[in-house]
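Next come the chains, spelled out residue by residue.
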Amino acid sequence: MSYVLKRLGRSFLTIFVVISASFGLIRLLPGGPLDYLRAQMIQQGGSDLSTAEINRRIAAQTNIAVDEPVYVQYIDYMTAIFRGDFGQSIWYDQSVASVIGPAIPWTVFLTATALFLAFTVGVSLGAFMAYKEGSTFDIGSTGVGLVLNSTPGYVVALLFIAFLGYRLQLFPTGGRYASELTPGLNVPFLASVLYHGVLPILSMAIVAFGGWALSMRGNSIRVLGEDYLRVARLRGLPTRRIALRYVARNAILPMYTGLMIAIGTVFGGAVIIENIFAYPGIGFYLIQAINARDSPLMMGAFILITVAMVIGITVADLTYGWLDPRAKGGASRESY
């Protein structure tokens, strides 16, 4: 239990430091977002806006009362963030939460589906590669896996758009669903969502599954050489039981942490892909905010992505020791 509390404490401290850093980026940098907002308001309002009115508008958008001492600004900012109030988006003229909130399910849909496909196919292929170690299939698959694992996802995305989108016109090149459809739990809408998600999902899954396959192959080959497998064969255990209970289970365990970290990056893992396909998710709005110098929206998306990643790493650290008590430094069954 003490390890769990310490690990949760470190995670909370990490999140606290990240949010504090976002305050510093907004407030303390010379020529930063606050100066830009002030200059923009003066340009738009001219002499009609008083200093007090400008400060009031900045406070409404950023949760930072610039006419207060820095420590008061910091306390107000942190309090607002932990309440879920990220300020007002400058570009969209809405609250940041109302902009990125509806985008969360779409980003989760893309990245979670891509991760599931990449992990499932990669683990299955990696196990088969290990079983056929040294064969032509193993050598060829290893080469393909290395190439795909080294290829940026945006390269595959651009190729898909060029050939499958524009040239062959088999799939749409942007959007989340057909504009003429009304969102709801009906077959036409769900089919349109899947149809529009095919290319971005495959763009992420294809480049990711190579890494999972290579990891699974290496782990399986290592496990196949263990002494306890020789003992299992000598005892006459069925091949299926050896493959599933001993080889697969022990080969997948070292990949668990990577899987949980990948789950933690679902909000930020599709930033470039979402923008290539004009798919309005968290990553799409993050790039829009950067281009528009919309600091409240940018910081809100940045904080959300960071918190999700910290949570994923924390869950991986706390549960790995429970799954595999042999792990050192992680929580074990006794820790609970």
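Residues numbered from 1 in each chain as written. Predicted model: local features only at pLDDT ≥ 70, side-chain atom pairs only at ≥ 80, totals over all residues. Heavy atoms only, no water.

1. Structural notes on the packing of aromatic side chains
When we look at a pair of aromatic rings, we describe it by the centre distance and by the angle of the planes. Per the stated rule, a full pass over the model turns up ten aromatic pairs. Arranged with centres 5.5 Å apart and planes meeting at 80°, the rings of tyrosine 92 and tyrosine 285 form a pair that is edge-to-face. Here the residue tyrosine 92 occupies a position in the loop between α4 (70-82) and α5 (96-100), and tyrosine 285 occupies one in helix α14 (residues 282-292), the gap between them amounting to 193 residues. Judged by its relative accessible area of 26%, tyrosine 92 is partly exposed. Three or more aromatic residues joined by ring pairs form one cluster here, namely Trp106, Tyr177, Phe189 and Tyr279. (Phe/Tyr/Trp six-rings, centres within 6.5 Å; stacked < 30°, edge-to-face > 60°. Helix = DSSP H or I, 4+ residues; strand = E, 2+ residues; numbered from the N terminus. Buried < 20%, exposed > 50% of the residue type's maximum accessible area, 1.4 Å probe, protein only.)

2. What to know about helix α8 (residues 153-167)
Over its 15 residues, α8 runs 20 Å from end to end, which matches the ideal 21 Å to within 8%, given 1.5 Å per residue. Along its length, α8 reaches its greatest deviation from straightness, about 30°, at isoleucine 161. If you check which residues of α8 are buried, you get Gly153, Val156, Ala157, Phe160, Ile161 and Gly165. Residues of α8 that are buried sit in contact with α9 (187-224) and α13 (271-276). One or two positions beyond α8, positive phi appears at glutamine 169, with a value near 55°. (Expected span 1.5 Å × (residues − 1). Bend = angle between axes of the 7 residues up to and from the residue. Contact = heavy atoms within 4.5 Å.)

3. Section: unusual backbone geometry
One non-glycine residue, aspartate 93, adopts positive backbone phi at about 55°. The topology assignment puts aspartate 93 in the loop between α4 and α5. Judged by relative accessible area, which is 61%, aspartate 93 ranks as exposed. Within the chain, glutamine 169 stands out as a residue other than glycine whose phi angle is a positive 55°. Examined against the element boundaries, glutamine 169 turns out to sit in the loop between α8 and α9. Taking the relative accessible area as the measure of exposure, glutamine 169 reaches 62% and is therefore exposed.

4. Side note on the side chain of serine 192
Turning to its location among the elements, serine 192 is positioned in helix α9. In this structure serine 192 comes out as buried when scored by relative accessible area, which is 7%. Apart from the residues lying within four places of it in its own chain, the contact partners of serine 192 are Arg176, Tyr177, Ala178 and Leu181.

5. A few points about the packing of α8 against α9
For the pair α8 and α9, interaxial distance at closest approach is 8 Å and the crossing angle is 140°. Between α8 and α9, the interaxial angle falls into the category oblique. The interaxial crossing formed by α8 with α9 has right-handed handedness. Contact residues: Gly153, Val156, Ala157, Phe160 and Leu164 in α8; Leu199, Leu202, Ser203, Ile206 and Val207 in α9. Its residues placed into classes, the contact of α8 with α9 shows eight nonpolar, two polar and no charged. (Axes fitted to C-alpha atoms, helices over the stretch in contact; angles between N-to-C directions. Parallel < 35°, antiparallel > 145°, perpendicular 65-115°, else oblique. Left-handed = near helix turned anticlockwise from the far one by under 90°. Nonpolar A, V, L, I, M, F, W, Y, C, P; charged D, E, K, R; others polar.)

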